[in-house]
There are 2 protein chains.
Amino acid sequence: MTEATHTVKSYEQELERLRGMMARMGGLVERQTAQAVKAVVEGDEEAAIEAPDLDPEVDELEREAEALAIRILALRSPMAIDLREIVAALKITGDLERIGDYAASIARRALKLDMDGGISLIGLRSMGRLVQDNLRRAIDALAARDRDQAIAVWQADTAVDELYTAMFRELMTYMMEDPRNIGSCIHLLFVAKNLERIGDHTTNIAERIYYAVTGEMLPAVRPRGGLGPQYASATVPDAR
Amino acid sequence: MTEATHTVKSYEQELERLRGMMARMGGLVERQTAQAVKAVVEGDEEAAIEAPDLDPEVDELEREAEALAIRILALRSPMAIDLREIVAALKITGDLERIGDYAASIARRALKLDMDGGISLIGLRSMGRLVQDNLRRAIDALAARDRDQAIAVWQADTAVDELYTAMFRELMTYMMEDPRNIGSCIHLLFVAKNLERIGDHTTNIAERIYYAVTGEMLPAVRPRGGLGPQYASATVPDAR
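Definitions and limits used
Residues numbered from 1 in each chain as written. Chains lettered and ligands numbered in written order. Predicted model: local features only at pLDDT ≥ 70, side-chain atom pairs only at ≥ 80, totals over all residues. Heavy atoms only, no water. UniProt positions renumbered as here; feature names shortened; annotations may be inferred. Salt bridge = Lys/Arg side-chain N within 4 Å of Asp/Glu carboxyl O. Helix = DSSP H or I, 4+ residues; strand = E, 2+ residues; numbered from the N terminus. Buried < 20%, exposed > 50% of the residue type's maximum accessible area, 1.4 Å probe, protein only. pLDDT = per-residue confidence, 0-100. Contact = heavy atoms within 4.5 Å. Buried area = accessible area lost by both parts, 1.4 Å probe.

As annotated in an unreviewed UniProt entry, chain A carries the name Phosphate-specific transport system accessory protein PhoU and comes from Acetobacter oeni. Regarding chain A, the UniProt comment filed under Subunit (unreviewed entry) reads as follows: "Homodimer." Chain A has a UniProt comment under Function (unreviewed entry) that states "Plays a role in the regulation of phosphate uptake."

Here's what the structure looks like:
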């Protein structure tokens, strides 16, 4: 094997290792989010304990991925699409770490809920399902470097925001009706807010994937009511 | 001027430009945070409007800083401390952008507050002052690449968390006492939470500065009651 082949090969190996770390991080925060939602809507205590327990592993993976990204940047001077992918990795690991944090925070609140007041969890269940679904699709898009999937994820977050607004009103009503509900409703409000933030970070990940793959940025503001047909083409108008 | 001198010079210029962008971003989110706190504790409507108005400029600076960082990575292949600084910049702009988002969110809530229910804002005022003070010091540490200042900021966040917990209890009491307070108290709870999150991101920035300057990471978990004397030395134990 020549020296050049060897260098190229280990470069590809390092990039693959970085991708593997991101996939593991993605899998872990997906698991954390699933367990957090389960803890709240099913009152599952084991799930409530597992979600925060996974946090140190996620944090450690973020550090490792960053160290590897820096190593690749220093030793390989990657260009164009590889460089964008590594920069995206640095940003995406940050988003994944935040998602893990929010999931852990949701799970911790689940342990404090007192659901005797007849508070409905239907809204939260839908929101949880939607957020998890979007997160899963974002992590798939990351592994497949799939720009169309990234756009789909980016667009789907509007529904999460709408569910959040509806839940906010519902929980306010429960509190007004019976002050004994206040404690649990506050926790549920924060749960809903944290799910909404997980949705935001999922959107960020989709934007990063799109940029890494295409070299173009999605618009800064997501248009209400979906994107026009121009987003089916390879070029997206500059956001400025 | 030789070609080599010219290259070195424009490399330094580009790094200085990146630092300038970070400083501008830092100044903007400091301003957003100050206006957000003012909006809530003084009921200042102009301040409440200004904080979210600055958001697009912050977002745009994040994009520009990222584009410049990628450019420097691609064309200059920086090594060691410069490489760490650029990677830190990519992460820190993300934290600054989130801080701006939280400040904007606080300011928007300020417009919805009805403070006729005799709710005390003393706790929030202290929390706001502490968070702003810490943010200012983090941004100064960033400009000066000052590791000692970074450690000080990192340590100071414990006080923010304690104030948050106290505020949470206080606001719960107001709600229990009089359901008419619920609406405003919910907004204030989210304001307090957002200030706490600004504190978290400020801590992240401090960790990044420390790493960029020293090549070492601060421990993953901040010890309660302050750091021991070993943190006065140049080496920090590995967090793993």
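Q: Could you clarify how one ought to interpret the pattern of salt bridges in this entry?
A: Pairs can form between side chains of opposite charge once their charged atoms are near each other. Taken as a whole and assessed by the stated rule, the structure comprises 30 salt bridges over all chains. Where Arg208(B) meets Glu62(A), a salt bridge forms, and the shortest distance between an N and an O atom there is 3.9 Å. Of this pair, Arg208(B) sits in helix α7 (residues 182-214) while Glu62(A) is found in helix α3 (residues 55-76), placing the two residues in two different chains. For Arg208(B), a relative accessible area of 17% gives the class buried.

Q: What is the right way to look at the confidence of the model for chain A in this model?
A: Atom-level detail of predicted coordinates should not be read off regions where pLDDT is low. When pLDDT is averaged along chain A, the result is 86, and 87% of the positions lie at 70 or above. The spread of mean pLDDT over the elements of chain A runs between helix α1 (residues 3-42) of chain A, the lowest at 88, and helix α2 (residues 45-53) of chain A, the highest at 96.

Q: Help me understand the interface of chain B and chain A, please; the structure alone is not making it clear to me.
A: Accessible area lost during the coming together of the parts is what is often quoted as the interface size. With 45 residues of chain B at the interface, the matching set in chain A holds 45 residues. Buried surface at the junction of chain B and chain A, summed over both partners, amounts to about 3900 Å²; 62% is from carbon and sulfur atoms. The tally of links between chain B and chain A comes to six salt bridges. Residues Arg208(A) and Glu66(B) are paired through a salt bridge, measuring 2.8 Å at the closest nitrogen-oxygen approach.

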